[in-house]
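Chains, contacts and geometry: an overview
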Amino acid sequence: MQRIEVASGEKYGDLTVVREAGKVNGKRNFVCKCSCGNKVTARLGHLRSGHTQSCGRCGLLLNGKRKTIVEWAREHGLHESTLRARLKLMSLAEALKRT
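Residues numbered from 1 in each chain as written. Predicted model: local features only at pLDDT ≥ 70, side-chain atom pairs only at ≥ 80, totals over all residues. Heavy atoms only, no water.

1. Notes on the nonpolar core
We apply this condition: What is meant by a nonpolar core is a set of buried Ala, Val, Leu, Ile, Met, Phe, Trp, Tyr and Cys residues, joined one to another through side-chain atoms within 4.5 Å. Each residue is assigned to one of three classes by its accessible area relative to the maximum for its type, calculated with a 1.4 Å probe on protein chains only: buried under 20%, partly exposed between the two thresholds, exposed over 50%. Helix and strand labels come from DSSP, where a helix needs a run of H or I of at least four residues and a strand needs a run of E of at least two; each type is numbered from the N terminus. Whether two residues are in contact is decided by their heavy atoms, any of which lying within 4.5 Å being enough.
Within the largest apolar cluster, 13 residues are counted, with the highest numbers of intra-cluster contacts made by V6, L15, V17, F30, C32 and L47. Where this core is concerned, the elements lending two or more residues are strand 2 (15–24), strand 3 (27–34), strand 4 (39–43) and helix 1 (44–49). Per-element accounting of this core gives the leading share, three residues, to strand 3. Contacts of L47, omitting those with residues within four sequence positions, involve Y12, L15, F30, C32, A42 and T52. Counting residues in each nonpolar core, the second largest holds 10 residues, with I69, L78, M90 and L96 among its members.

2. What to know about the confidence of the model for the chain
Worth spelling out the cut-off: pLDDT is a per-residue confidence score from the predictor, ranging from 0 to 100.
Here the chain shows a mean pLDDT of 90. Residues at 70 or above account for 99%. Element-level pLDDT for the chain is lowest in strand 5 (residues 60–62), with a mean of 85, against a maximum mean of 96 in strand 3.

3. A few points about the pairing of strand 4
Let me state the cut-off plainly: Pairing between two strands requires that DSSP report at least two bridges joining them.
Because side chains alternate across strand 4, one face comprises the buried residues V40 and A42, and the other comprises K39, T41 and R43, none of which is buried. Strand direction decides the pairing type here: strand 3 and strand 4, joined by five bridges, are antiparallel. Across the sheet, N29 pairs through a bridge with R43, a residue of strand 4. Hairpin connection of strand 3 to strand 4: four residues between the antiparallel strands, including G37 at a positive phi of 105 degrees.

4. Quick notes on the pattern of salt bridges
Heads up, the condition is: Salt bridges are counted wherever a side-chain nitrogen of Lys or Arg sits within 4 Å of a carboxyl oxygen of Asp or Glu.
Tallying each qualifying case throughout the model produces five salt bridges. E20 is paired through a salt bridge with R28; the nearest N and O atoms lie 2.9 Å apart. The exposure class of E20 is partly exposed, given its relative accessible area of 33%. Two residues, E75 and K67, come together in a salt bridge whose shortest N-O distance is 2.0 Å. E75 gets classed as partly exposed once you look at its relative accessible area, which sits at 43%. Salt bridges linked by common partners bring R3, E5, E20 and R28 together as one network.

Here it is as structure tokens:
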């Protein structure tokens, strides 16, 4: 199998590759910087598939406000798991309108 070349500065969702971090269990990992400023290490396969697109701590953006799923759920009187389930099927705006 051919080695996939990943250059510093490549973007995957909100993540920008900083450098390669080495292998863990035979899988290549990269240090990435999120658009919110946090740094995270992610597997190459997860970056390329879209499974990992952000640091996971910066939250979701809606109408210029960025909040975590927990914060959005509390604000709209939902349980966190209910909101997460809805987000698999619809956008954040649609999921919050159902409250």
